[in-house]
Amino acid sequence: MGTKRHFRVWRGDENGGDLQDYQVEVNEGEVVLDVIHRLQATQAPDLACRWNCKAGKCGSCSMEINGRPRLGCMTRMSTFEENETVTVTPLRTFPIVRDLVTDVEFNYVKARETPAFAPPADLEPGEYRMQQVDVERSQEFRKCIECFLCQNVCHVVRDHEENKRAFSGPRYFIRAAELDMHPLDAKGDRKEYAQAQQGLGYCNITKCCTEVCPEHIKITDNAIIPMKERVVDRRYDPIVKLGRRIFRRDQLEEQGTRPGPLLAQEPSHHAEPGADGVKWNRQVAQGQAAAVDENGRLPLSEFTFDRAAAPSPFGDDVTFPLPPDDLNYHHSNKWDT
Amino acid sequence: MTTNRIERHHYDVVVIGAGGAGLRAAIEARLAGKRTAIISKSLFGKAHTVMAEGGAAAAMGNVNSNDNWMVHFRDTMRGGKFLNNFRMAELHAKEAPERIWELETYGALFDRTKDGKISQRNFGGHEYPRLAHVGDRTGLELIRTLQQKIVSLQQEDKRQYGDYDARIRVFAETTITELILDGDRVAGAFGYRREDGEFLLFEAPAIVLATGGVGRSYKVTSNSWEYTGDGHALALRAGANLINMEFLQFHPTGMVWPPSVKGILVTESVRGDGGVLKNSEGKRFMFNYVPDVFRKQYAETEEEADRWYTDPDHNRRPPELLPRDEVARAINAEVKAGRGSPAGGVYLDVSTRMPAETIIKRLPSMHHQFKELADVDITKEAMEVGPTCHYVMGGVEVDPDTGATIGQVRGLFAAGEVSGGMHGSNRLGGNSLSDLLVFGKRAGEYAAAYADSLPARPKVSQALVDTAVDAALAPLSRDGENPYTLQQDLQAVMGDLVGIIRRRGELQDALVRLAELKERVAKVSASGGRRYNPGWHLALDLRNMLVVSECTAKAALEREESRGGHTREDFPAMDPNWRRLNLVTSLEGDEVLLSRKPVPEMRPELITLFDRVELSKYLTDEELAGFDALAEEASN
Amino acid sequence: MTTTATRPAAGARPRAAILAKTLRTDRWWASPLGIAIILAIFVIYSTVRIFMGKHYWVGEGHYLTPLYSPCVSKSCVPGSSHFGTPLPKFPFFIPLGALVFPIVAGFRVTCYYYRKAGYRSLWLSPQACAVREPHAKYTGETRFPLIFMNSHRYFFYLASLVLLINIYDAVLAFHGRDGGFGLGVGTLIICANVALLAGYTLSCHACRHVVGGRLKHFSKHPLRYRFWTFVSKLNGRHGTFAMASLLSVMITDAYIMAVSAQWITDLRIFN
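Since the structure is predicted, the reported quantities are computational estimates derived from the model, not experimental observations. (Residues numbered from 1 in each chain as written. Chains lettered and ligands numbered in written order. Predicted model: local features only at pLDDT ≥ 70, side-chain atom pairs only at ≥ 80, totals over all residues. Heavy atoms only, no water.)

Take the sheet that holds strand β9 (residues 185-193) of chain B next. In sheet architecture, strand pairing relies on hydrogen bonds along the backbone and comes in two forms, parallel and antiparallel. All names here are of chain B. Taken in spatial order, the four strands make up an open sheet running β1-β10-β9-β8, and their pairing is mixed. The sheet terminates laterally at β1 (6-10) and β8 (174-182), the two strands that pair on one side only. Mean inter-strand twist for the sheet, computed between neighbouring axes without regard to direction, equals 25 degrees. In terms of strand pairing, β9 meets strand β10 (residues 199-203) through five bridges, oriented antiparallel. Note that in β10 the partner of glycine 191 across the bridge is leucine 200. (Pairing = 2+ DSSP bridges. Helix = DSSP H or I, 4+ residues; strand = E, 2+ residues; numbered from the N terminus. Axes fitted to C-alpha atoms, helices over the stretch in contact; angles between N-to-C directions.)

Turning our attention to unusual backbone geometry. Residue and element names in this part refer to chain C. A cis amide bond links serine 125 to the next residue, proline 126, at an omega of -5 degrees. Turning to its location among the elements, proline 126 is positioned in the loop between α3 (112-121) and α4 (152-172). Backbone torsion omega between phenylalanine 144 and proline 145 reads -5 degrees, so that peptide bond is classified as cis. For proline 145, the location among the structural elements is in the loop between α3 and α4. Phi is positive for alanine 130, close to 60 degrees, though the residue is something other than glycine. Its place among the elements puts alanine 130 in the loop between α3 and α4. Residue class for alanine 130 comes out buried when judged on its relative accessible area of 4%. (Buried < 20%, exposed > 50% of the residue type's maximum accessible area, 1.4 Å probe, protein only.)

This part covers the environment of B:Leu619. All names here are of chain B. Within the fold, leucine 619 resides in the loop between α18 (612-615) and α19 (621-635). C-alpha separation for the pair leucine 619 and tyrosine 164, spaced 455 residues apart in sequence, amounts to 54 Å. Apart from the residues within four sequence positions on either side, leucine 619 is in contact with Pro576, Arg579, Ile607 and Leu624. (Contact = heavy atoms within 4.5 Å.)

Quick look at α3(C) now. With nine of ten residues buried, α3(C) lies mostly within the body of the structure. Taken as a whole, α3(C) has its buried residues at C:Tyr112, C:Tyr113, C:Tyr114, C:Arg115, C:Ala117, C:Gly118, C:Tyr119, C:Arg120 and C:Ser121.

A word on the sheet that holds strand β4 (residues 56-57) of chain B. Residue and element names in this part refer to chain B. Read from one edge of the open sheet, three strands run β4-β6-β5, paired in antiparallel fashion. Of all strands in the sheet, those bounded by a partner on one side alone are β4 and β5 (120-121). Two strands pair when backbone bridges link them, and β4 and strand β6 (residues 131-132) are joined in this way by two bridges, in the antiparallel orientation. Within β6, the position partnered with alanine 57 by the bridge is leucine 131.

Glancing now at the state of the cysteines. Here the structure, examined in full by the defined rule, presents two disulfides over all chains. Each disulfide pairs two cysteine sulfurs, and for A:Cys208 the partner residue is C:Cys129, the sulfurs being separated by 2.0 Å. Between A:Cys208 and C:Cys129 the sulfur-sulfur dihedral comes to about -95 degrees; the bridge is accordingly left-handed. In this pair, A:Cys208 is assigned in helix α8 (residues 208-212) and C:Cys129 in the loop between α3 and α4, connecting two distinct chains. C:Cys129 shares its class with A:Cys208; the two are buried. Disulfide pairing is shown between C:Cys71 and C:Cys76; the S-S distance is 2.1 Å. Residues C:Cys71 and C:Cys76 share a disulfide whose torsion about the S-S bond is about -90 degrees; that sign makes it left-handed. Relative accessible area serves as the criterion here: at 1%, C:Cys71 is assigned to the buried category. (Disulfide = S-S within 2.5 Å.)

In this section: the confidence of the model for chain C. In this model, chain C carries an average pLDDT of 91, and 96% of its residues clear a pLDDT of 70 or more. Contacts for the low-pLDDT stretch residues 1-10 of chain C, under 50 throughout, to residues beyond four places or in other chains number 34 contacts. (pLDDT = per-residue confidence, 0-100.)

Bringing the packing of aromatic side chains into the picture now. Two measures describe an aromatic ring pair: the distance that separates the ring centres and the angle between the ring planes. Under the definition given, this model contains 33 aromatic pairs over all chains. Plain terms: the ring middles of B:Phe285 and B:Tyr289 are 6.1 Å apart, the flat faces sit at 90 degrees to each other, and that makes the pair edge-to-face. Pairing B:Phe294 with B:Tyr298 gives two aromatic rings, centres 6.0 Å apart and planes at 90 degrees, and the pair type is edge-to-face. An identical accessibility class is assigned to B:Phe294 and B:Tyr298; each is buried. An aromatic cluster of at least three residues, connected via ring pairs, comprises C:Phe107, C:Tyr113, C:Tyr114, C:Tyr154, C:Phe156, C:Tyr157 and C:Tyr200. Its guanidinium or amino end placed over the ring of A:Phe148, B:Lys46 lies 5.3 Å from that ring's centre, counting from NZ or CZ. Lying across the ring of B:Tyr532, B:Arg194 places its NZ or CZ 5.5 Å from the centre. (Phe/Tyr/Trp six-rings, centres within 6.5 Å; stacked < 30°, edge-to-face > 60°. Lys NZ or Arg CZ within 6 Å of the ring centre and 35° of its normal.)

Once that is clear, we can look at the interface of chain A and chain C. Taken together, the 71 residues of chain A in the interface contact 62 residues of chain C. Ranking the residues of chain A by area buried against chain C places A:Arg92, A:Arg137 and A:Glu229 at the top, with a combined share of 12%. Applying the counting criterion to the chain A and chain C interface returns eight salt bridges. Residue C:Arg13 pairs with A:Asp103 through a salt bridge whose shortest N-O separation is 2.5 Å. Our count for the contact surface shared by chain A and chain C stands at 39 residue pairs in polar contact (both at pLDDT 80 or more). Of all the elements in the fold, those that place two or more residues in the side of chain A that touches chain C are β2 (16-26), β4 (68-71), β5 (86-89), α3 (132-142), α5 (155-158), α6 (170-181), α8 and α9 (219-236) of chain A. Of the residues forming the side of chain A that touches chain C, the biggest block, ten residues, is contributed by α9(A). (Buried area = accessible area lost by both parts, 1.4 Å probe. Salt bridge = Lys/Arg side-chain N within 4 Å of Asp/Glu carboxyl O. Polar contact = N/O pair within 3.5 Å; in protein donor to acceptor, adjacent residues only side chain to side chain.)

Here the focus is the domain arrangement of chain A. All names here are of chain A. Under the domain assignment, chain A is made up of domain 1 (3-102), domain 2 (105-255) and domain 3 (269-337). At the junction of the two partners, domain 1 supplies 15 residues and domain 2 supplies 17 residues. Of the roughly 1,100 Å² buried where domain 1 meets domain 2, counting both sides, 56% is carbon and sulfur surface. Per-residue buried area on domain 1 facing domain 2 is highest for Pro69, Thr93 and Phe94; these three make up 50% of the total on that side. Between the two partners, domain 1 and domain 2, sit one salt bridge. Residue arginine 158 is joined to glutamate 64 by a salt bridge in which the shortest nitrogen-to-oxygen separation is 2.8 Å. (Domains from an automatic or database assignment.)

Turning our eyes to something else, we now look at the interface of chain B and chain A. Contact residues are listed per partner, giving 80 residues for chain B and 79 residues for chain A. The junction of chain B with chain A conceals about 7,100 Å² of combined surface from both sides, 51% of it contributed by carbon and sulfur atoms. The salt bridge involving B:Glu141 is made with A:Arg142; its shortest N-O contact spans 2.6 Å. Elements with a minimum of two residues in the side of chain B that touches chain A: β1, α3 (86-106), α4 (138-161), α10 (364-374) and α15 (534-558) of chain B. The greatest single-element share of the side of chain B that touches chain A, amounting to ten residues, is contributed by α4(B).

Okay, here's the thing in structure tokens:
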């Protein structure tokens, strides 16, 4: 009953990779993620791919199918021609981990930088009263399943890595809009924050985020543009601005609004092993903590410890020198020349 | 490029699982001042909790002021067929409203009533409208809210200590394969990070299990790949007990067509809002399947049932709103009688009962899901649905108040689906979201208190860590069977032989096959390296799935009656004597041991909340005599 | 063929090594190309027409083309100045529409829909979703000159005034040959154009914000909530209004030009 279809799947990691061809069986009513699973079960057991719910609710299986950012579980095979080649690649905006899996840490970093809901000080739990019409706008944005397709498709970071520092992306603009429109949120400067720290001004409203959103959230029309307009209220309204000049409010606010901090970690890695065989791209393991005694202290006395001398501060499972393969640094040897 | 180096971390409380229960526990532990780690098997915020659609049950009485915790308690016990741990059901009913209100202070936006309170909706098995909801994506709202609360705590820490991770840190895409013990105390957890395959060791005196369920052992399931019973298996191997493992909930209405989305749930609110079940002859068959215990509360004619939607005070409920196991069994019977749909299900129809706009308004994500996934427009045609493995009532046996596991180990806590007892033999819809909030909080709170109470931190022995490393690496170096084949075989055994309707012969057969599978799983191999290798991850999960499946099969064979999520064709009736017994499984070496344990008896003031007529259907004569004595005492 | 990973910027971890600008297989270039052509036609047409300086007024039906409205210079053809002629004669290089044209053009250029259309079709930033854009650097609307896109609000206020003038012009176009009420095909075209322009102006995002979008509590402002709901509905079709009104302006102007130049005669329906 199934037919053989031609798939091209990107396989590789940060050292490089390419599109590999597969002939795979496809049955009626299947989606692309089903086919990826069949590949795993039959031809490529170690093909890396994220997925969870397989129902378009968790937003894990984001990938690019024939060049378009999609959820694998929401792309029906019946949308392709019988003899059409289906090309599946990982998201192209984020660093690659392996095969179809990318490191989406960028989004979590931005999430942490976005100020959280500020509960009103005078209300106890259970005393919140909100009207449905007032929560509806924010509810639309809370439909977000965090598939990060909008973050991936946005050309501001997709085509310009250097903007990642200053630009939070559509997902966090709708978060800012959600909180700014929240009837009980007690924080008043979300618009200023969006403009100054999240890089709202980078958006040029080309609406790709709205186009790819699997939840059909009107990201641009209902969140980004209203936020831009709210910023206009505050920042570009000449009358308000003049008033601020006179009362010197602007200087107070500028203090709190400097460009966003750097990503938590942006190690400068090279893609390929250098001439000296050092793998620059290797991820460094966290610093090791040494074993402690039951009081939480390092055992310093030989009498109470199972070996002579102090334990290694790097833990027992590390022996020196480390094999060169494990290193991702190289002595500069600047004295050599 | 990976090595056998182990990344070590020290925490006060480690929470395994980043679903609702895990996040709630972590928030509580962090609020108690403990350094807390959250281990998430997939990305942060992708937990299976997002799949819960209907809502969170809490007797706030916003829609019907007659509702209170006692009614909720009664509904929960009735739904669980009186096998519930009464203390858990009591705590749950009492504390659920507070937990829901708390979410609003974290930023949750529930649907509202006219006077601005949280709106509540009807749901199968609940006497009053009780489920706080957001459209049909309540689980997503809950997980997002908790996730954002954790972020806000991290922001606090950042302000105070200059580091987001100072007191609460999320380890995404990290799987725990083994708990490390120091004698009978928990000392740490060992696992790997998916991204690079590196090993991690968390040294912590208190560990909270919140790993969810076991559905991946079944062929047709709504559960994601994560649901491999990790927490159940970790607890077993650490010396804790599992109870009630024979009770699995099959959601009555999962999609059966088209095949790729087999198992995806159609929320019960489709029925709560007016959807009806029909067989291939177009007949509304649920009227034929109302069991005697429920006869009084359910309508007998279609007319009465239809009136209920607009006037619930003067009409009885439509039988489509019977507890889920009754509905699942009815559908199964219809299909077996040859009145099913071509794909082996029945039809669930809302299209003929409401205008299209109403359907889209009330069931937006349902409509969206069907349209996108299956190209079916639920406003125009009926859905094809059938029973799907959905939830496991059984789980780690815990102390009701603290969430501490019962058995041979200290310092281990469990909350959410991985814990057992709260739901008895069957869970009411909407009770799981409130369950994980109530007991997540308690587990976090008491895990923090336990960590404080210890005079000294337990020690992690290197030998145990080495064993764990070897076990984790073994599949990579072996030359054995493909893990995917083994998983399919396991799913076939469980789905065919330990499924919704069970028989003695089949269960015995299942145990034999599981024993065979055990030998094959011991030789499973995974090709490729350690870096994000799903084959290797599955190979490691298989061991957990297998031991938990064995517990289920053994307990199912032992319990010779039908009750809630356990239906024996050879013992179709409920037996009051069995109601007094919980089946407890534990692990000794490799061997699953099964024992019987009496169900705790309800306190007098709780049991007298029930009608004698109702109790008479569940209790033994001896127990009823006790009840009568109590009633008499009260009237004197 | 194994390609090595491309490093998009110094200091960042490598992304998947895919060299293709895009792997899209559909005709993603068709829509931006089509819009680019329409915009180019409009720009060329309107430039030619504005500097033409004639054929903008049809005395018989009192038709005034929107490109020259309001005509307030002493250079205007008699009858076309509905608001008098407070301004002196313009030299040939200042078009008669100079007063209003910048407002209308500014309103369209800063419009959120045209920003999308223009950035995609003309500026190629990006030309289509998930297609690599050709620019090496990008700062969006954070600095001069694009930061002025934020002035849309003020163009909206001014454009609303222009819309009122256009409506007034349309009312005057119900002018019969005998001086009383009359109706010609030109009147209908002018009215249709004004309707589309009104739709375009009212459905604007700035309008949506001003009428109610800026509120935090809709429940406390039921009337403004209703306005907002109405504008939101229109706003869903903002792009359609934008393109349709662009075409209708061209058609209206072309019709009036043709009648005024007596290439065709206006078909009178009544008087």
